[in-house]
Amino acid sequence: MDFTWLFLDLETTGLDSQVDHILEVAALTVKPGGQREAWQTLVNPGVPIPSKITLLTGIDETMLAVAPDSKQLEKELPEILAGKIIVAHNAPFDLGFLEALLGKLPNQWIDTLQLAKIVYPHLPSYSLGYLIKRFSLSATPAHRAYADTLAVEKLFFHLLTELQKLPLATLQNIYSLLGDESQGLTSLWGEILRAKLKVGFSEPLKIEPSFSSEEISDFFPWDLKELLHLFSPQGSIAQGFNFYEERPQQLEMLKAVARAFEKQRFLVVEAGTGVGKSLAYLVPALAWAVSQDEKVVVATHTIALQEQLWQSEIKFLKKQLPFHFRAAVLKGRNNYFCLREWHLLRERAVNLNWSGKIFLARLEHWLANEKTGDRDTITLRGEERELFSQLASSKENCLGMKCPFKEECFYQRARKKASQADLIIVNHSLLFSDIKTQEALLPKYNYLIIDEAHHLEDEGAKQFTETFSLREVLKKVAHWEKKNFLHLPQRFFSKAEPLIKDLKKGAQLIQKKGEEILASSPLITKWSQRIDHFTLKKKWWRDLKICYRQLFFELEALLVLLAQLVDLLETEEKLRETKQLLKIYNAELKNLLALGKRFFDRKDDQAIYWLEVGYRPSDLLLQITPLNIAVLFQEFLFSKLKSVVLTSATLSVAGKFDFLIERIGLPPKLVDTLQITSPFNYEQQSLLLIDQSLPDPARTNGEEFNIALQKALQEILEATTGRTLVLFTAHRQLQAMYYALKAPLKEKGLELYADRIDGRRYVLLEELKNNEKAIIFGSNTFWEGIDLPGSLLTAVIMVRLPFWPPNNPLIEARVEAVEKEGKSGFFNYSLPRAVLRFRQGYGRLIRTKDDWGTVIILDNRLLKKRYGRVFLRSLPQKRYLAGDTQEIKVAVEQWFSEKNKHV
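Residues numbered from 1 in each chain as written. Predicted model: local features only at pLDDT ≥ 70, side-chain atom pairs only at ≥ 80, totals over all residues. Heavy atoms only, no water.

(A) Structural detail: the overall build of the protein chain. Within the protein chain, the secondary structure is distributed over 34 helices and 23 strands. Its C-alpha atoms give the protein chain a radius of gyration of 30 Å, within 12% of the compact-globule value 29 Å for 903 residues. Its C-alpha atoms put the protein chain at 80 × 75 × 70 Å along the principal axes. For the protein chain, restricting intrachain contacts to residue pairs at least 6 apart in sequence, the fraction spanning at least 24 positions comes to 75%. Accessible surface computed for the protein chain: about 42,000 Å², of which carbon and sulfur atoms make up 51%. Once the 118 positive and 111 negative side-chain charges of the protein chain are each reduced to a mean point, those two points are 4 Å apart. (Helix = DSSP H or I, 4+ residues; strand = E, 2+ residues; numbered from the N terminus. Rg over C-alpha atoms; globule rule 2.2 N^0.38 Å. Contact = heavy atoms within 4.5 Å. Areas by Shrake-Rupley, 256 points an atom, 1.4 Å probe, with all protein chains shown as cover. Lys, Arg positive; Asp, Glu negative; His and termini not counted. Charge placed at Lys NZ, Arg CZ, Asp CG, Glu CD.)

As structure tokens, this is what we get:
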């Protein structure tokens, strides 16, 4: 290729190119013949360097004392950049700073982040460090300009090699989508395409197989003894493992699941880590489905477990079971890509901005290899999520049998496969959508297994919550013209023009009212706010209500105009599709309007009314959540099924299942319970430590507690020496500890990473896997679902007992409801929830029989409060050591020293 590349990286004092300054620049020129020229310099910004930046890069003010200033940089850079294509990772960031210094650059540029997202549509992260590790490239990015520039070069040429392997048709389609000749990526793509065409590259024609059902299952008699024999050393399940160890706990669970199906009972079974619960319920479920000609649905909470069951256990059982079965995965409709919407968007690709075209290029490559159209098979971030949602299948945009892509439709294929399956794997969300909407998303079934069942109440509340999103309403109003009238004939506008003018005027009024409402939202001092009888007396609530009433008035006027527009379309036979879309749109706005009015009427005393600031600052959510989810579960789910199995590693509190059974409305007379302990020897494998020297976090102000916490954490983390997970209950406290401890721990050779500061969960867990000196600070999602066996994780530290904040609107209302029944809101609701969460955090450590490590609790309430015994009685480990921080540190060092001798 006859290109001269300039690989480039900057270090800066911050993220805003209009305010912040360049600290360091490195550039590496690579010419067509392979000659390389490197250039780098520190830059004195003339302002103090933020401590966070010094912590990140290692660049301090003493290093910059004799460095050239930005004026010198301004003189040198133009010559270095001249005539070259700039290649950088997250190039818009670097270019923003360069153009703030030099003005508009004539150079073409390529962003390796964008290129990586096209070539690899489904990586969990696209950070430079992750990509270098993922592809085992010989580079060490380190937040220093020259090291990162070398890493960008390695990554670029790796991506270039992969790019050249793409099929000709994919290259051609993506080139037509990019279509912006001023972009370096377009030039590169065109060069690769021309090279392939020049050598006469040809490919065999690919014919996609049409959808067909799988082979009908062989008959298999229902026999519990035969199922148990499968797990004996001579059985087909055992033969599928290189090293098989029969687990009595697994067989005990299998028998309980089989009995529940036979006797049409409900079973709540807690299976500790290491039991092998997935196979313990899948094998009897599959055997029952095939032998009885029934369908069994398995519902998981997390996508990770759903994918694990499908990619691992189901594939394994297809090989090992002595009978054929059909299984399918089904997700909610909006998880599936709509091919009709995709082709409509491709036709308008020329109107998209560059980031939009990049996303279309990603989708083009994804679709060339994708068989399911499932959104979980492509990584989506930020605006990409919203764009994908516009391309997702929905009831509103579906043409059914009239769709030109009905044969290839991903959603209909998934539903057809599910209808023919013996076992269907879904997530909790789809399970509840199916019963909530009554639309028969799932085929008829009588047997249900719910894994990760400790999430059931919260997920049910989430799915049955009705939400009036201000942003969603404004978006619908703003897009109505573009969505529905883009292709209307001119003759229609001559009749409808006055009406359309009124519609536009109405839309503008609604937009104005929406802005007024958002301007008033800072009056809400909390991130979320329950609307109770105290709230009704407050001025901000009365003001907000007036604003919404005006918004509703304008919406009603708009709906009248839309109805008139639909009437006009009655005479336009060729515009039936537009008329249908308008009717659907009208119905959506009517439903939203009715929901908004219900929120302010507050007539249902069995509902929780609450406000929430959306994940986007420009959104305000009006939420109505049922207070009693148990009643809904009983009416719409449990009463319609013959047998339900609920399982998880954490369902009991101090050995009892009463909390779960009551909260989700299981019929007590039909419920059997079983607690299966883990096969692991926790007393031998783990050390449980409780630091009782820290102050009570509930009775100490935040600043005072953090001072004590910082000291204790530093001492203990130095003793664990890495491979440590620290669990926080509040992200604000996590941030404070991160910035206080990053530098001192680095001096001790330890590397600290934090959730939402250094990356997302998957990236941070990769650090634990690959870096024995890594320490991860995590909150929320880090309390469960993490599986790091062996020496990948040797210490778990819980900063506080995981009580939910009492001012959470849903928690607050549920506690009140419990107290109205004459019970203790704390002991009958808040405490059991915290215990289940606590057990999840504890369970992150020991994942196999060979694991070892320590769990350290820094909350002295575990010992000093009466309720602390409930937490301790709920653990599989009975022995613990309590002491001050120094005693804890010594105990950790001795434990690690002893264990390391035997590793």
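(B) Representation of the environment of Met1 within the structure. With respect to the element layout, Met1 can be found in the segment before strand E1 (5-12). A residue is classified by how much of its surface remains accessible, and Met1, at 39% relative accessible area, is partly exposed. Each C-alpha atom of the pair Met1 and Glu191 lies 7.4 Å from the other, and the pair is 190 residues apart in sequence. (Buried < 20%, exposed > 50% of the residue type's maximum accessible area, 1.4 Å probe, protein only.)

(C) Representation of a positive patch on the surface. A contiguous patch of positive charge, built from Lys656, Arg866, Arg869, Arg873 and Lys878, is present on the exposed surface. Take Arg873: it is sitting in helix H33 (residues 868-873). (Patch = residues over 30% accessible without salt bridge, like charges linked within 9 Å, V, L, I, M, F, W, Y side chains within 5 Å. Salt bridge = Lys/Arg side-chain N within 4 Å of Asp/Glu carboxyl O.)

(D) Representation of the side chain of Gln249 within the structure. Its place among the elements puts Gln249 in helix H11 (residues 248-263). For Gln249, the residues in contact, after removing those within four places along its chain, are Val275, Ile676, Thr677, Ser678 and Pro679.

(E) The arrangement of the sheet that holds strand E8 (residues 327-329) in detail. In spatial order, the strands read E8-E9-E7-E10-E15-E6-E16; together these seven strands make up an open sheet with parallel pairing. Edge positions in the sheet fall to E8 and strand E16 (671-676), since each of these pairs with one other strand and no more. With strand direction ignored, the average angle separating the axes of adjacent strands in the sheet is 15°. By the bridge criterion, four bridges tie strand E7 (residues 296-300) to strand E10 (residues 447-450) in an arrangement that is parallel. (Pairing = 2+ DSSP bridges. Axes fitted to C-alpha atoms, helices over the stretch in contact; angles between N-to-C directions.)

(F) Representation of helix H13 (residues 303-320) within the structure. Taking 1.5 Å as the rise per residue, H13 with 18 residues should run 26 Å; its terminal C-alpha atoms sit 25 Å apart, in good agreement. Packing partners of the buried residues in H13 comprise helix H10 (236-239), helix H12 (277-292), E7, E8 and strand E9 (423-427). (Expected span 1.5 Å × (residues − 1).)

(G) Seen up close, the packing of aromatic side chains. For the structure on display, the rule yields 46 aromatic pairs. Here the aromatic rings of Phe156 and Phe157 are separated by 5.3 Å at their centres, their planes lie at 70°, and the arrangement is edge-to-face. Residue Phe157 is classed as partly exposed on the basis of its relative accessible area of 30%. The interplanar angle of 75° and the centroid separation of 6.1 Å between the aromatic rings of Phe468 and Tyr548 together place this pair among those described as edge-to-face. Here the residue Phe468 occupies a position in strand E11 (residues 466-469), and Tyr548 occupies one in helix H22 (residues 539-569), the gap between them amounting to 80 residues. Accessibility expressed as a relative area gives 0% for Phe468, which makes it buried. The exposure class assigned to Tyr548 is buried, which follows from its relative accessible area of 0%. Put simply, the rings of Phe468, Trp540, Trp541, Tyr548, Phe552, Phe599, Phe600 and Tyr609 pair up and form one aromatic cluster. Over the ring of Tyr739 we find Lys52; its NZ or CZ atom is 4.6 Å from the centre of that ring. (Phe/Tyr/Trp six-rings, centres within 6.5 Å; stacked < 30°, edge-to-face > 60°. Lys NZ or Arg CZ within 6 Å of the ring centre and 35° of its normal.)

(H) Structural detail: the packing of helix H4 (residues 112-119) against helix H15 (residues 354-369). Running from amino to carboxyl end, H4 crosses H15 at an angle of 30°, the nearest separation of the two axes being 7 Å. Here H4 lies roughly parallel to H15, going by the angle between them. Within the contact between the two elements, H4 uses Gln114, Lys117, Ile118 and Val119 and H15 uses Trp354, Ile358, Ala361, Arg362 and His365. Here the contact of H4 with H15 is composed, by residue class, of five nonpolar, two polar and two charged. (Parallel < 35°, antiparallel > 145°, perpendicular 65-115°, else oblique. Nonpolar A, V, L, I, M, F, W, Y, C, P; charged D, E, K, R; others polar.)

(I) Geometry of the pairing of strand E19 (residues 751-754). As paired strands, E19 and strand E20 (residues 774-779) are joined by four bridges and run parallel to one another. Its bridge partner being in E20, Ala754 is matched across the sheet by Phe777. Read from E19 through helix H29 (residues 761-770) to E20, the crossover connection turns out right-handed. (Right-handed = clockwise from strand over helix to strand, strands pointing away.)

(J) A look at helix H34 (residues 885-901). Along its 17 residues, H34 runs 25 Å from first to last C-alpha, staying within 8% of the 24 Å computed at 1.5 Å per residue. Every buried residue belonging to H34 is among Thr885, Ile888, Lys889, Ala891, Val892, Trp895 and Phe896, and all of these are buried. With its buried residues spanning 165° around the axis, H34 presents them on a single face. Of the exposed residues in H34, those oriented more than 90 degrees away from the buried face are Gln894 and Lys901. (Arc of directions from axis to C-beta.)

(K) Quick peek at the nonpolar core. Counting residues in each nonpolar core, the largest one holds 63 residues, and the members touching the most others are Trp5, Phe156, Leu163, Leu185, Leu188 and Trp189. Here the element with the most residues in this core is helix H6 (residues 145-163); it accounts for seven residues. Contact partners of Phe156, with chain neighbours within four places excluded, come to Trp5, Phe7, Val87, Ile110, Thr112, Leu115 and Leu188. Formed by 62 residues, the second largest nonpolar core is a distinct cluster that contains Ala421, Ile424, Leu431 and Ala453. (Core = buried A, V, L, I, M, F, W, Y, C linked by side-chain atoms within 4.5 Å.)

(L) Summary view of the packing of H11 against H12. Packing of H11 against H12 brings their axes to within 8 Å, and their N-to-C directions diverge by 35°. Crossing hand, H11 versus H12: right-handed. Residue-level contacts link Gln250, Met253, Leu254, Val257, Ala258, Phe261 and Glu262 of H11 to Lys277, Leu279, Ala280, Tyr281, Val283, Pro284, Ala285 and Trp288 of H12. Looking at the contact of H11 with H12 residue by residue, the classes come out as twelve nonpolar, one polar and two charged. (Left-handed = near helix turned anticlockwise from the far one by under 90°.)

(M) A look at the state of the cysteines. Here the structure, examined in full by the defined rule, presents zero disulfides. Sulfur of Cys398: no disulfide; nearest cysteine sulfur belongs to Cys409 and is 6.3 Å away. (Disulfide = S-S within 2.5 Å.)

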